[in-house]
Amino acid sequence: MALITKLDDLPDLFFIDLFNYLSSTDILWAFTNLNNRIQTLINERGYFRHINLSSARLSKFDRLLSILPLNQIETLIIDIEASPLQLSRWPYLPHLTTLRLYRLRDFTDATNFILRHSTTLKHLTLETNDLFMQCGSTGYIRYPRERLPTLVENVLPHLSALRSLDLGQDTGFGLTNWNITTIQSPLNYLRVSLEYIPRLCHVISRDTLSTTLEQLHVTLRSSHVREKNSIPKELVLSKMINLHTFTLVQSIFTFIYNRIEWPTIESLTAPNVMPVLRRLNLAILIAIDDLDCINRSSLFIDDRRIDIQFALIIADTSLGNELRYSLPHGSRFHPRQIVGITCVISFLSQNYQELTNMNCYYNRYPWAYNVWYTLPWAFEQFFFEPADLSQYITEVEVFSLPSSYSSIISSSRLRTLSISQNNSLPSITSMPHVVRLDHINAVHLSFHDWPTDLNLLALRHLTLINNLITLKNFSSFPSNIRSIQILLYSDKPNFSANNWSILRSLSTLSMLTSLHIVINDMDTGLDDISCQIIAETVPTLLVTDDDEESVDLTFLESIFDIYRASIKELHSRILRLTFPQKPLFVVEEEGCGLTVWF
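For every chain, the first residue of the written sequence is number 1, and numbering continues from 1 along that sequence. Local features are withheld for residues below a pLDDT of 70 in this predicted model, meaning they are given only at 70 or higher, and side-chain atom pairs are given and counted only at 80 or more; totals for whole chains, interfaces and linings count all residues. Remark: hydrogens and water are excluded; side-chain values derive from all non-hydrogen atoms of the structure.

Student: When you look at the packing of helix α2 (residues 24-31) against helix α4 (residues 58-67) in this model, what are you seeing that I'm missing?
Tutor: Packed helices, taken two at a time, are described by the angle between their axes plus the distance between the axes. Helix axes are fitted only over the stretch in contact, all axes being lines through C-alpha atoms; the angle between N-to-C directions runs from 0 to 180 degrees. Each helix is a run of DSSP H or I of at least 4 residues and each strand a run of E of at least 2, with the numbering of both proceeding from the N terminus. Packing of α2 against α4 leaves a shortest axis separation of 11 Å and a crossing angle of 65°. As the angle between them shows, α2 and α4 are arranged roughly perpendicular. Two packed elements cross with a definite hand, and for α2 against α4 that hand is left-handed. On α4, the residues that touch Thr-25, Leu-28 and Trp-29 of α2 are Lys-60, Arg-63, Leu-64 and Ile-67. As a working rule, the residues Ala, Val, Leu, Ile, Met, Phe, Trp, Tyr, Cys and Pro are called nonpolar, Asp, Glu, Lys and Arg charged, and the rest polar, with Gly in that last group. For the contact of α2 with α4, the residue count by class is four nonpolar, one polar and two charged. Geometric relationships in this document are graded by angle, where less than 35 degrees denotes roughly parallel, more than 145 denotes roughly antiparallel, 65 to 115 denotes roughly perpendicular, and other angles denote oblique. Note on convention: the crossing is left-handed when the near helix lies turned anticlockwise from the far helix by less than a right angle, right-handed when the turn is clockwise. Any pair of residues with heavy atoms lying within 4.5 Å of one another is described as a contacting pair.

Student: Sorry if this is basic, but what is going on with the packing of aromatic side chains here?
Tutor: Two rings from Phe, Tyr or Trp (for Trp, the six-membered ring) form a pair when their centres are within 6.5 Å of each other. A pair whose planes differ by under 30 degrees is stacked, one over 60 is edge-to-face, and the rest are tilted. Evaluation of the coordinates by the stated rule reveals eleven aromatic pairs. Summarising the aromatic geometry, the rings of Phe-14 and Phe-15 are spaced 5.3 Å apart at their centres and angled 85° between planes, so their arrangement reads as edge-to-face. The class of Phe-15 is buried, set by a relative accessible area of 1%. Ring centres of Phe-61 and Trp-90 lie 5.5 Å apart, and the angle between their planes is 85°; this geometry places the pair in the edge-to-face category. Highlighted residues: Phe-61 in helix α4 and Trp-90 in the loop between β2 (75-78) and β3 (98-101), separated in sequence by 29 residues. Any residue under 20% of the maximum accessible area for its type is buried, any over 50% is exposed, and the rest in between are partly exposed; the area is computed with a 1.4 Å probe on protein chains only. A relative accessible area of 0% means that Phe-61 is categorised as buried. Assessed through its relative accessible area of 2%, Trp-90 is described here as buried.

Student: So what exactly am I meant to see when it comes to the nonpolar core here?
Tutor: Nonpolar side chains in soluble globular proteins tend to end up buried together. Side-chain atoms within 4.5 Å link the members of a nonpolar core, which is a set of buried Ala, Val, Leu, Ile, Met, Phe, Trp, Tyr and Cys residues. Ranked by internal contacts, the top residues of the largest apolar core, which has 92 residues, are Trp-90, Leu-190, Leu-200, Leu-216 and Leu-248. Of all the elements, helix α7 (residues 197-204) adds the most residues to this core, at five residues. Summarising the domain contributions, this core has at least three residues from each of domain 1 (48-130 + 146-185) and domain 2 (190-223 + 235-317 + 335-347). When near neighbours in sequence (up to four residues on either side) are disregarded, Trp-90 contacts Ile-51, Leu-53, Phe-61, Leu-65, Leu-68, Ile-73, Leu-76, Ile-78, Phe-113 and Arg-116. Ile-440, Leu-464, Ile-502 and Ile-567 belong to the second largest nonpolar core, which has 68 residues in total. Each domain's limits were defined by an automated method or a database of domain assignments.

Student: Can you help me understand unusual backbone geometry in this one?
Tutor: Peptide bonds are, in most cases, trans, and in most cases residues other than glycine have a negative phi. Cis peptide bonds are those with omega within 30 degrees of zero, and the linkage from Leu-375 to Pro-376 qualifies with -10°. Looking at where Pro-376 falls in the secondary structure, it is placed in the loop between β14 (367-374) and β15 (391-400). At Asn-33, a residue that is not glycine, the phi angle is positive and equals roughly 65°. Note on placement: Asn-33 falls in the loop between α2 and α3 (36-44).

Student: Hey, could you run me through α7 in this one?
Tutor: Spacing of three or four residues puts side chains on the same side of an α-helix, whose turn is 3.6 residues. The buried fraction of α7 amounts to six of the eight residues, a majority that puts the element mostly inside the structure. Every buried residue of α7 is accounted for by Ile-197, Pro-198, Leu-200, Cys-201, Val-203 and Ile-204.

Student: What's the story with the environment of Phe-477 in this structure? I'm lost.
Tutor: Mapped onto the elements of the fold, Phe-477 is located in the loop between β18 (461-465) and β19 (483-489). A C-alpha to C-alpha distance of 8.6 Å links Phe-477 and Leu-454, two positions 23 residues apart in sequence. When neighbours within four sequence positions are excluded, Phe-477 is seen to be in contact with Trp-450, Leu-462, Thr-470, Leu-471 and Leu-509.

Student: Explanation requested: the environment of Thr-254 in the structure shown.
Tutor: Mapped onto the elements, Thr-254 comes out in the loop between β10 (245-249) and α9 (262-268). For the pair formed by Thr-254 and Ile-313, sequence separation is 59 residues and the distance between their alpha carbons is 9.8 Å. Not counting the four nearest positions on each side in its chain, Thr-254 is found in contact with Leu-285 and Tyr-369.

Student: Whenever I open this one, the environment of Phe-61 confuses me. Can you help?
Tutor: Distance from Phe-61 to Trp-90, taken between C-alpha atoms, is 9.9 Å for residues 29 residues apart in sequence. Residue contacts for Phe-61: discarding those within four places in its chain leaves Leu-53, Ala-56, Gln-86, Arg-89, Trp-90 and Trp-597.

Student: Quick question: what am I supposed to make of the confidence of the model for the protein chain here?
Tutor: Atomic detail in the predicted coordinates should be set aside for any region of low pLDDT. Predictor confidence is given residue by residue as pLDDT, running from a minimum of 0 to a maximum of 100. Within the protein chain, residue pLDDT values average 80, and 82% of them lie at 70 or more. Within the protein chain, no element has a lower average pLDDT than strand β6 (residues 142-143), which sits at 46, and none a higher one than β3, at 96. Low confidence marks residues 137-145, where pLDDT is under 50. Its contacts with residues over four positions away, or in another chain, come to 31 contacts. Low pLDDT (under 50) marks residues 546-557, which in the prediction has 33 contacts with non-local residues, meaning those over four places away or in another chain.

Student: I'm lost on α3 in this one. Help?
Tutor: If you check which residues of α3 are buried, you get Ile-38, Gln-39, Leu-41 and Ile-42. Buried residues of α3, viewed axially, fall in a sector of 155°; they line one side. Those residues of α3 that are exposed and aimed more than 90 degrees away from the buried face are Asn-36 and Glu-44. Those residues of α3 hidden inside the fold are in contact with α1 (12-19) and α2. In the analysis that follows, any N or O atom pair within 3.5 Å is treated as a polar contact, provided that within protein one partner can donate a hydrogen and the other can accept it, and provided that, for residues neighboring in sequence, both atoms belong to side chains. Its side-chain oxygen at 3.2 Å from the backbone nitrogen of Arg-37, Asn-35 defines the N-terminal cap of α3. Looking one or two places after α3, you find Gly-46, whose phi comes out positive at around 85°. By construction, the arc corresponds to the directions joining the helix axis to the C-beta atoms.

Student: Would you explain the pattern of salt bridges in this entry?
Tutor: Side chains that differ in charge, positive against negative, can pair when their charged atoms come close. Salt bridges are defined as contacts in which a side-chain nitrogen from Lys or Arg sits within 4 Å of a carboxyl oxygen from Asp or Glu. Throughout the structure, instances matching the rule amount to 16 salt bridges. For Asp-302, the salt bridge goes to Arg-304, with nearest N and O atoms at 2.7 Å. Ionic contacts of the salt-bridge type, sharing partners, join the residues Glu-127, Asp-166, Arg-191, Glu-380 and Arg-413 into one network.

The structure is reproduced here in structure tokens:
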């Protein structure tokens with residue numbers, strides 16, 4: 001007689017383990033109201049308190065929204081997998097304390113939602129990404145009408161309960177110039193991008209932050225303007241009596257005149273400014289002359305016992321491995337091994353249109369930097385890309401290794417991998433304790449095909465820049481990809497916007513829930529065939545056509561007439577299709593963008 005195990009016979013531990021493999025959406029969709037025991041488990045494990053429905057399609061989202069106990073929800077997460085229309089569908093949540101919005105694109109909806117919850121929000125994350133934001137002008141309006149600095153300035157004064165604010169590391173269309181005085185609440189956590197050191201000094205000097213802030217994470221996104229990265233002489237830094245963790249990051253693409261002199265670092269982190277500092281993460285551009293100051297610095301030996309991890313970027317590559325003995329190996333109380341690498345930075349050639357070899361998109365005069373970093377890599381990216389997409393790391397060479405790795409006790413924090421040349425991936429992955437392929441969840445691939453033998457089991461988000469043809473290699477993609485961003489720039493190499501039939505291959509990616517297409521500076525619209533292919537094959541679609549603000553106004557208007565015609569045609573073709581449930585449509589103001597949520 002065959003033994004039959006019923007659902008009620010399974011122990012609670014089985015369901016608890018099972019839930020670890022499922023998304024929040026899947027758990028709520030499959031198990032809510034199944035029986036009292038499982039319902040109790042869902043309640044006890046907090047699946048009603050912490051909600052992330054980003055991957056849900058419109059019909060599933062509406063169904064789940066109707067059964068969720070709204071008064072129990074404490075945390076709401078909306079990430080890159082979600083339709084940008086999702087936030088506007090959420091009602092008022094009376095006990096919402098944590099809101100995390102990733103790859104934020106609609107600032108108006110975000111402003112309205114945050115203000116409705118201003119009395120309860122304690123933890124707020126607002127992350128944009130320069131690559132995925134569309135900005136421009138049609139001659140009548142600027143797009144986007146609302147920007148992240150405006151959102152921040154409008155909402156922060158009203159968030160009296162706020163204790164944690166994470167604004168990511170992207171510029172957010174002017175966030176680097178944001179007026180820090182809008183922070184009125186006593187935060188204990190702040191992550192933000194700023195333009196240069198004087199703005200950071202004003203953060204440290206805020207009375208509302210000096211007594212409460214425990215963690216401060218700053219990315220410096222210096223513009224091309226020659227601003228002095230030093231502490232203003234007239235400014236007195238406040239004493240950050242509770243700050244135990246401080247991160248300061250510059251990009252390898254930072255111009256040499258924006259470097260931070262080491263005495264400035266010492267002044268910022270001095271015992272009279274950060275008396276209880278325990279962890280310091282530094283990725284900064286330095287000169288050879290700074291090495292003497294670094295070696296004499298008390299920061300590495302003082303009684304605060306600071307755990308220091310760094311990536312020191314040096315423009316002079318002549319000394320190479322000789323610098324190993326001139327650099328600190330962590331701090332006295334937290335020794336760390338260090339690795340030396342040379343990064344080659346290439347600039348896109350202005351004559352790329354005349355070149356036929358894909359490896360010749362870059363000019364013949366690359367720059368080289370040496371980078372010394374502590375193990376393991378302490379930062380989320382291997383240097384963020386410049387917003388104008390004009391510079392790329394095309395080669396990495398390891399020239400100095402420790403004799404052993406006995407002191408490595410944790411893994412790299414790197415989660416995003418940028419690839420701009422077919423032969424650049426092996427050199428990047430060769431860096432010890434930087435790239436762990438099974439930890440990478442996002443890839444930005446520019447101009448070139450998908451690298452062969454690239455096995456990224458954790459990959460969820462893929463960005464393709466001017467390489468639409470890469471989709472032909474869909475069989476090489478991990479099956480768990482959730483979102484694909486296609487960015488096309490007519491003024492960049494390998495531009496092509498006439499092979500949309502490749503989109504049909506995406507139907508094999510069963511987990512794909514979000515497709516975002518941005519076409520920049522194209523002076524022709526989508527033809528009938530392209531519109532039909534996109535309409536028939538894209539399950540979740542965001543299509544936006546944009547142009548730069550610097551273009552002549554008359555020419556700009558004629559371009560946008562073409563864009564409007566393409567979007568109108570695409571809209572009408574999608575409307576003629578048959579759907580189990582009517583999709584939600586939003587046409588951008590001025591008719592140059594379309595969002596569809598199925």
